[in-house]
Amino acid sequence: MADKVVHWEVTGKDGKKLQQFYSQLFGWNVKADNEMNYGIVEPDEAGLGGGIGQTPQGDGHVTFYVGVDDPQAYLDKAEGLGGKTVMPVTEIPNMVTFALFADPEGHMVGVVKN
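Residues numbered from 1 in each chain as written. Predicted model: local features only at pLDDT ≥ 70, side-chain atom pairs only at ≥ 80, totals over all residues. Heavy atoms only, no water.

1. A short note on the sheet that holds strand 6 (residues 84-92)
Turning to step 1, where the next piece is worked out: One open sheet accounts for 8 strands, arranged 2-3-4-1-5-8-7-6; its pairing is mixed. Across the chains shown, the open sheet's two edge strands, defined by having one partner strand only, are strand 2 (30-31) and strand 6.
Turning to step 2, where the next piece is worked out: Across 5 bridges, the pairing between strand 7 (residues 96-102) and strand 8 (residues 108-113) is antiparallel. Each residue of the ladder has a partner; that of Leu100, found in strand 8, is Gly110. (Pairing = 2+ DSSP bridges. Helix = DSSP H or I, 4+ residues; strand = E, 2+ residues; numbered from the N terminus.)

Here it is in structure tokens:
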């Protein structure tokens, strides 16, 4: 079976403004009551769970995340196919382990450990 998209993310300079925009546009309940002020959108709200927040660099992007068993192996494979690692494997304790790469045209894609 192929790996599946498990999460999406929209980030930019003003996370709160983006959260309000998508909440008002699509009627999503965006929950940002966490220490990172990262807005969580549950799957029943958007069809597939995702998040909306502020990026530390200020550069906005839309990213999808694919669930995989070994994020590092997928970073290596992406690089072998002409991609580039953007963020090495990173663990947020008790939450998630993920990494980001850019495809050959620069589109950012995430891999998250199942």
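2. Details of the pairing of strand 4 (residues 50-54)
Turning to step 1, where the next piece is worked out: In terms of residue burial, strand 4 counts as a mostly covered element, since 4 of its 5 residues are buried.
Turning to step 2, where the next piece is worked out: With 5 bridges connecting them, strand 1 (residues 5-12) and strand 4 associate as parallel partners. From the neighbouring strand, Thr11 faces strand 4, where its bridge partner is Gly53.
Turning to step 3, where the next piece is worked out: Bridge analysis of strand 3 (residues 39-41) against strand 4 gives 3 bridges, and the strand direction is antiparallel. Within strand 4, the residue paired with Val41 across the bridge is Gly50. (Buried < 20%, exposed > 50% of the residue type's maximum accessible area, 1.4 Å probe, protein only.)

3. What to know about the packing of aromatic side chains
Turning to step 1, where the next piece is worked out: Here the structure, examined in full by the defined rule, presents 6 aromatic pairs.
Turning to step 2, where the next piece is worked out: With centroids separated by 5.0 Å and ring planes inclined at 90 degrees, the aromatic side chains of Phe21 and Tyr22 adopt a geometry described as edge-to-face.
Turning to step 3, where the next piece is worked out: By relative accessible area, which is 45% here, Phe21 ends up partly exposed.
Turning to step 4, where the next piece is worked out: Taken together, a centroid distance of 6.2 Å and an interplanar angle of 25 degrees make the contact between Tyr22 and Phe26 stacked. (Phe/Tyr/Trp six-rings, centres within 6.5 Å; stacked < 30°, edge-to-face > 60°.)

4. Focus on a negative patch on the surface
Turning to step 1, where the next piece is worked out: A cluster of acidic residues, Asp3, Asp69, Asp70, Asp76 and Glu79, forms a negative patch at the surface.
Turning to step 2, where the next piece is worked out: Of note, Asp70 is situated in the loop between strand 5 (61-68) and helix 3 (71-80).
Turning to step 3, where the next piece is worked out: For Asp70, a relative accessible area of 36% gives the class partly exposed. (Patch = residues over 30% accessible without salt bridge, like charges linked within 9 Å, V, L, I, M, F, W, Y side chains within 5 Å. Areas by Shrake-Rupley, 256 points an atom, 1.4 Å probe, with all protein chains shown as cover. Salt bridge = Lys/Arg side-chain N within 4 Å of Asp/Glu carboxyl O. Lys, Arg positive; Asp, Glu negative; His and termini not counted. Charge placed at Lys NZ, Arg CZ, Asp CG, Glu CD.)

5. Considerations on the layout of surface pockets
If a probe the size of a water molecule is rolled over the atoms, the empty space left behind becomes visible.
Turning to step 1, where the next piece is worked out: What the largest pocket holds in volume is close to 1100 Å³.
Turning to step 2, where the next piece is worked out: As for the largest pocket, its lining consists of 32 residues, of which Glu9, Met36, Tyr38, Ile92 and Phe98 are closest to the centre.
Turning to step 3, where the next piece is worked out: Contributions of two or more residues to the lining of the largest pocket are made by strand 1, helix 1 (15-26), strand 4, strand 5, strand 6, strand 7 and strand 8.
Turning to step 4, where the next piece is worked out: Split into classes, the residues belonging to the lining of the largest pocket amount to 16 nonpolar, 12 polar and 4 charged. (1 Å grid on protein atoms, 1.4 Å probe; cavity = no way out; pocket = protein on both sides within 12 Å on 5 of 7 lines; lining within 4 Å. Points joined across faces, edges and corners; volume = space filled by probe spheres on them. Nonpolar A, V, L, I, M, F, W, Y, C, P; charged D, E, K, R; others polar.)

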